[in-house]
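Chain residues, written in single-letter form:
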Amino acid sequence: MNPLKRFQKLYNSTSSIPFTNFSVLSLPNSNFNFDVNADSTHVSNLQYLLQLCAKTNSSMAGRTCHAQIIRVGFQTDILTSNMLINMYSKCSLVNDARKVFDEMPLKSVVSWNTMIGALTKISEEQEALMLFIQMLREGTLFNEFTISSVLCECAFKCAILECMQLHAFSIKVSVDSNCFVGTALLHVYAKCCLIKDASRMFKSMPETNAVTWSSMLAGYVQNGLHEEALLLFRDYQLMGFEQDVFMISSAVSACGGLANLIEGKQVHAVSCKSGFGSNVYVSSSFIDMYAKCGCIREAYFVFQGVEVRSVVLWNAMISGFARHACALEAMILFEKMQQSGFVPDDVTYVSVLNACSHMGLHEQGHKYFDLMVRQHNLQPSVLHYSCMVDILGRAGLVHKAYELIERMPFKATSSIWGSLLASCRNHGNIEFAEIAAKHLFEVEPDNAGNHILLANIYAANEKWEEVAKVRKLLRESELKKERGTSWIEIKNKIHSFTVGERNHPQIKEIYAKLDDLMEELEKLNYKVDTNNDLHDVEESKKQMLLRHHSEKLAITFGLMCLPSDIPIRIMKNLRICGDCHNFMKLASQFTSREIIVRDTNRFHHFKCGLCSCGDFW
């Protein structure tokens, strides 16, 4: 017999007040073995049922139980009222919970905590704060759970001022050293990009737990401090704490941010050993990590190995294909996702639009943009418009991209104007380049890259006077240009190179090997393309500058050190230039090696003299 049916029979047999209208209860079956002593009062039976309603989110049964409580005149009991507040909040009926709370003649700290927690659950942080203030004014004793609940909501809303006030209050009442309060505080600071304050809070805590470490690790990742995150993860392992899905996911994200493949594989092994390898969120993190490290095949193997999938998992794989310019694979997976019964969300469409962008598929891009609105009733965000501007611009439809910017229901972001400016560089459009640059100078006054890009567009069109003006303005503003850097991982060590590198311990051997490689490639008709150096200098000087670009030095070092049967993976902080792109294609043909280069926009897979981008990037 269903335990609730048994409960009804038992209740009616032991209580003078029958439990009427029990048929409206629609609680799901439960494996909970219910055994109530026949001497139990009807009130304790009702309290048990309230707990069961809260556990199973059964609002109709909870209301019926509430009616029975009123019938027996027990609604003023503090314990029972607290259970009612908890039941209504678990059933997402916060207004009903608040009504019960307001009608309580006497309240305990549990009453206040439960109500504050219910408000924070639905993101009513201002109401939760006001209730906390009311609690203090009425002189009710509070505990660490009260403060941590409000702090968690401050983190969600990035309400840093309120967080600092609560921090000061927690110090005043001597609960700042409490593990729950300290964890909530560092979480708020990390979420609000005050990572130094979060780290200071973490180091000052006398007691920590797994949640504390997980929050600090996630904070480092969210703020781009991936190396610090991995160091913290190692310390966490040395401390002997048990692994959990949150720690694993954050550590994997840090590996992806650093493109640290070896470390990522080690974390993958730890997760499988800990039994989290099949977790959908951990698997999504691994897909993203392998894709960011240039291992799109490994990412797909992880995807295929997950039996129970989610939208998050599909999105991670589609995004990975897009990052590697595998537009066809991304679009096929988009269709398979829907055939499997999953509905694409806004993240899915950002990924598939990015895939179209990397291959110049503007017609397919328009199709997906319209499909998002018409079939799935999703309102395009600024990210979707940014993708469309990029698609049109890369395809050479710069004027249409600008018209779309003019029609957008949002104010164009720096990313959108930057995309338009980059498209103008690719297609030599000075008119729209000047418009885009003007907006970028306003929204990003400290970004020297925008000035450099405009100067390069002028230089490509041999407008040297304009080039001089832009560079003079750049010098006067004292903005520093980001120097092109490439790095490669050899035997667990990262080796970085800049143009004309002189500091690497093996630089002489690298230059000698590069000279030999250049001679061999010239036999394959390679010639330094000086059109990719936009300085107004002599031809010989241009050739020397291009000859020693950072990615050429990195690939040469990889050929010297890595076995011939594994791909050479290079990461670069700027866009790869056309000359280096041609160099990589011929180098892959001459050496019979696969070369993978991740620049600021995408991955390039060079193999047998060809590139996966089809020379479109």
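Residues numbered from 1 in each chain as written. Predicted model: local features only at pLDDT ≥ 70, side-chain atom pairs only at ≥ 80, totals over all residues. Heavy atoms only, no water.

Moving on, we come to the overall build of the protein. The helix and strand inventory of the protein stands at 31 helices and six strands. The buried share of the protein, reckoned over its 617 residues, is 49%. The contacts in the protein between residues at least 6 apart in sequence include a share of 62% that link residues at least 24 apart. Carbon and sulfur atoms make up 52% of the accessible area of the protein, which amounts to about 30200 Å² in all. (Helix = DSSP H or I, 4+ residues; strand = E, 2+ residues; numbered from the N terminus. Buried < 20%, exposed > 50% of the residue type's maximum accessible area, 1.4 Å probe, protein only. Contact = heavy atoms within 4.5 Å. Areas by Shrake-Rupley, 256 points an atom, 1.4 Å probe, with all protein chains shown as cover.)

The next subject is the environment of methionine 104. Along the polypeptide, methionine 104 turns up in the loop between α5 (94-102) and α6 (109-121). When sequence neighbours within four positions are dropped, the list of residues in contact with methionine 104 reads Ile78, Ser81, Asn82, Ile85 and Ser111.

If you walk through the whole model with that rule in mind, you get 14 aromatic pairs. When the centroid spacing of 5.9 Å and the interplanar angle of 20° are considered together, the rings of tyrosine 300 and phenylalanine 303 count as stacked. Here phenylalanine 303 and tyrosine 300 lie together in helix α17 (residues 296-304), a separation of three residues that amounts to about one turn. Its relative accessible area of 25% is what places tyrosine 300 among the partly exposed residues. Residue phenylalanine 303 is classed as buried on the basis of its relative accessible area, which comes to 2%. On the numbers, 6.0 Å between centres and 45° between planes, the contact of tryptophan 314 with phenylalanine 342 is tilted. (Phe/Tyr/Trp six-rings, centres within 6.5 Å; stacked < 30°, edge-to-face > 60°.)

Okay, the sheet that holds strand β2 (residues 493-498) next. Consider a sheet: its strands pair through backbone hydrogen bonds, and that pairing is either parallel or antiparallel. Reading across from one edge, β2-β1-β3-β4-β5-β6 is the order of the six strands in this open sheet, with mixed pairing throughout. Only two strands of the sheet have a single neighbouring strand rather than two, namely β2 and β6 (610-611). The sheet contact formed by strand β1 (residues 485-490) and strand β3 (residues 568-572) spans two bridges and is antiparallel. By the bridge assignment for β3, serine 486 is matched with lysine 572. Running over the sheet, helix α31 (residues 578-591) touches β3, β4 (595-598), β5 (603-607) and β6 and is turned about 35° from β5. (Pairing = 2+ DSSP bridges. Axes fitted to C-alpha atoms, helices over the stretch in contact; angles between N-to-C directions.)

Side chains carrying opposite charge are able to pair once their charged atoms draw close together. Scanning the entire structure with this criterion turns up 11 salt bridges. Among the ionic pairs, arginine 200 bridges to aspartate 197, the shortest N-O distance being 3.0 Å. In this pair, arginine 200 and aspartate 197 both sit in helix α11 (residues 195-204), three residues apart, roughly one turn of the helix. What you see here is one network of salt bridges that share partners, running through Asp288, Lys292 and Arg323. (Salt bridge = Lys/Arg side-chain N within 4 Å of Asp/Glu carboxyl O.)

Count 3.6 residues to each turn of an α-helix, and residues three or four apart come out pointing the same way. Compared with an ideal rise of 1.5 Å per residue, which puts 13 residues at 18 Å, helix α3 (residues 59-71) spans 18 Å between its outermost C-alpha atoms and is within 8% of the ideal. Once α3 finishes, glycine 73 follows within two positions and takes phi at roughly 70°, a positive value. (Expected span 1.5 Å × (residues − 1).)

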